[in-house]
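# Working through the structure, step by step
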Amino acid sequence: MIAQQNDEETPLLQRPEQPTAKTPLPWDQFWILLLLEMPDFLSSRTLIPFIPQLIRDIGVTHGDESQVGHYAGILQSSYYAAHTLTIFHWSQLSDHIGRKPVILTALSAIVISMLSFGLSKSFFGLVVSRIVCGAFDPSDSMVKSMLMDITDATNMPKAYNYIPVSLMIGNTVGPLIGGSLSRPADRFPDIFGRSELLKTYPYLLPCSISAFFISIIWLVTYICLKESVSTTGKTSLWELIKKGFFGQSYSKPRQPSSNVVVDPGEGSPGKFQPQPLPLRTLLTSKVLSVTASYTTMALFQTGFNSVLPVFYATPIELGGLSLDPPRIGTLLAGSGVIHGIFQLLFYARLHDHFGAKAIFITGVSSGIPIVILFPVANALARAYGISMAVWLCVAVQLMLKTSLLMCFPCMALFMRAAAPNRASLGTTNGIVMVVVAVGRIIGPASAASVFSYSLQEGHDAWSIYYFFIAIAFLAVGTALWLPRDPSVWEDSQ
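Everything numeric in this text was worked out from a predicted model, so none of it was measured.

## Topic: the overall build of the protein
- Tallying secondary structure elements over the protein gives 23 helices and zero strands in all.
- Out of the 493 residues in the protein, the part that is buried amounts to 57%.
- Across the protein, every contact between residues at least 6 apart in sequence was considered, and the portion connecting residues at least 24 apart equals 83%.
- Summing over all exposed atoms, the protein offers an accessible surface of approximately 20900 Å²; the carbon and sulfur share of this is 65%.

This is the structure:
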């Protein structure tokens, strides 16, 4: 048990500690949110195993192996570039027209972009597909907002205890689909060898299968999901478009609705409900602290995710491990299973014992040994080939990645606590996610470019590792601004 401490975060007048009854999870809607956590991960993880080979196939590198990572980074960053320009507007719009229509739009965009990606024969077409997905896909932000809408401080950590089930499925099934079913006419000639379509578009099959699963999720969402915010009496969508979203709140007083899931923390129907606040009012020190911590963590995490499959696919003599797409997909799928099981079994217990800040700092600190294992694995591969020692390094690195991924539920708790009121959760989430998306643009593009630079003859091969370690230390530094627990901020409101 952690001893009480007296510092600037401890109120001068202590309130007597009373046991707080935990609110049961609203499973009638929560299971749909678990389902909605999958599409983002399923779609992006489907692409990761075969992107290096796809870039080689379309010829954009002209045979220069050192440029594969550079173009892979551009592909990943193009999604986040479009995401940055639209995520805040989608999030703010959801406070006015509701979360459900925005989520349905996002799922439709993912389906269209996946099919377009599989049919693309040029690098430009691939980039356009990812831009379309990024511009119309605020699903991750919307699911976070809906989760905050239907939970309170007593049951939100428990809710995040189940999120890994969805992430595990998306992170496992996606790489298996992408790694196993890419170039099916070559890999399974007896089954797909006669298909001219799959010979012409060798990556269409895995993209189509992911799109099919996401279409099913769209249908379930349309039929079963209830709106989590009341839109009765609010400004119409057309008026919002004409006036713009900045500078003032357009909400009219909320009216209770039988089709809306009411959060128990917001009071009884009929009482005055808080209204969405103007943008400038939301830029508090709490929101800025969460934004800085989330952004630096996302900068490292997306940069690492961008470089990892390229490192696996790069020839050993150039600094990688010379693995093929099926092996890369299997490794990433195994990593998803490990992360999901670990978080499902241990996250809630670790949170109750150590708190969100301790878990977050441990997670970003794990980035340092994660980076060090890159050159160690390559050195062992150069000396002994792909031996047991190399696989041990890969396994340890992927297990440490589990600690890094546990930072995300911690950030969700801090975002919820930082919001000035419950009616502005979507907009607050949007503010944070805009800046995080900027970090996710810079992370993959810069990391992949530095990795390609380090592979070129005459350049320092350790440049990419210096780059990652510097970001890891920056992430640890910004994490120190957070309170020891999100409840400190909620108690002060």
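Right, picking up where we left off after that structure.
## Observations concerning the packing of aromatic side chains
- Considering all chains together, one arrives at 21 aromatic pairs under this definition.
- Note on Phe-311 and Phe-374: the rings are 4.8 Å apart at their centroids and 75 degrees apart in plane angle, and the pair reads as edge-to-face. Separated by 63 residues along the polypeptide, Phe-311 in helix α15 (residues 285-313) and Phe-374 in helix α18 (residues 367-384) bring together distant segments of the chain.
- Assessed through its relative accessible area of 2%, Phe-311 is described here as buried.
- Consider the rings of Trp-462 and Tyr-466, whose centres lie 6.4 Å apart with planes at 35 degrees: the pair is tilted.
- Through pairs of rings, three or more aromatic residues link up here, namely Phe-300, Phe-304, Phe-311, Tyr-312, Phe-374, Trp-462, Tyr-465, Tyr-466, Phe-467 and Phe-468.
- Looking at Lys-100, its charged tip hangs above the ring of Tyr-222, at a distance of 5.8 Å from the centre.

## Details of the environment of Met-148
- Along the chain, the position of Met-148 falls in helix α7 (residues 139-150).
- Separated by 269 residues in the primary sequence, Met-148 and Ala-417 have C-alpha atoms spaced 9.9 Å apart.

## A look at helix α17 (residues 356-365)
- For α17, the set of buried residues is Ala-356, Lys-357, Ile-359, Phe-360, Gly-363 and Val-364. One side of α17 carries all its buried residues, which in axial view fall inside an arc of 160 degrees.
- In this structure, the buried residues of α17 make contact with α15, α16 (325-354), α18, α19 (388-405), α20 (407-418) and α22 (463-479).

## As for the confidence of the model for the protein
- Taken residue by residue, the protein gives an average pLDDT of 81. The fraction at 70 or more is 84%.
- Mean pLDDT values over the elements of the protein span from 52, in helix α13 (residues 237-243), up to 95, in helix α12 (residues 204-224).
- Note on residues 1-19: pLDDT is under 50 here. Beyond four places in sequence and across chains, it has 13 contacts.
- Every residue in residues 245-272 scores below 50 in pLDDT, and together they form 59 contacts with partners more than four places removed in sequence or on other chains.

## Some remarks on the pattern of salt bridges
- Counted according to the given criterion, the structure contains four salt bridges.
- Of the charged contacts, one joins Asp-186 and Arg-183 as a salt bridge, the two residues approaching to 2.8 Å between their closest N and O atoms.
- A residue is classified by how much of its surface remains accessible, and Arg-183, at 29% relative accessible area, is partly exposed.
- Measuring nitrogen to oxygen at the nearest pair gives 4.0 Å for the salt bridge that ties Lys-199 to Glu-196. Placement of both Lys-199 and Glu-196 in helix α11 (residues 196-200) is noted, with a separation of three residues, approximately one turn of the helix.
- For Glu-196, a relative accessible area of 54% translates into the label exposed.
- Three or more residues joined by partner-sharing salt bridges are found here, namely Asp-57, Arg-183 and Asp-186.

## Considering unusual backbone geometry
- With a phi close to 55 degrees, His-62 is a non-glycine residue in the positive phi region.
- Mapped onto the secondary structure, His-62 falls in the loop between α3 (51-58) and α4 (68-97).
- The class for His-62 is exposed, based on a relative accessible area of 76%.
- The residue Ser-322 is not glycine, and still its phi comes out positive at about 60 degrees.
- Structurally, Ser-322 is set in the loop between α15 and α16.

Procedures and definitions
- Residues numbered from 1 in each chain as written.
- Predicted model: local features only at pLDDT ≥ 70, side-chain atom pairs only at ≥ 80, totals over all residues.
- Heavy atoms only, no water.
- Helix = DSSP H or I, 4+ residues; strand = E, 2+ residues; numbered from the N terminus.
- Buried < 20%, exposed > 50% of the residue type's maximum accessible area, 1.4 Å probe, protein only.
- Contact = heavy atoms within 4.5 Å.
- Areas by Shrake-Rupley, 256 points an atom, 1.4 Å probe, with all protein chains shown as cover.
- Phe/Tyr/Trp six-rings, centres within 6.5 Å; stacked < 30°, edge-to-face > 60°.
- Lys NZ or Arg CZ within 6 Å of the ring centre and 35° of its normal.
- Arc of directions from axis to C-beta.
- pLDDT = per-residue confidence, 0-100.
- Salt bridge = Lys/Arg side-chain N within 4 Å of Asp/Glu carboxyl O.

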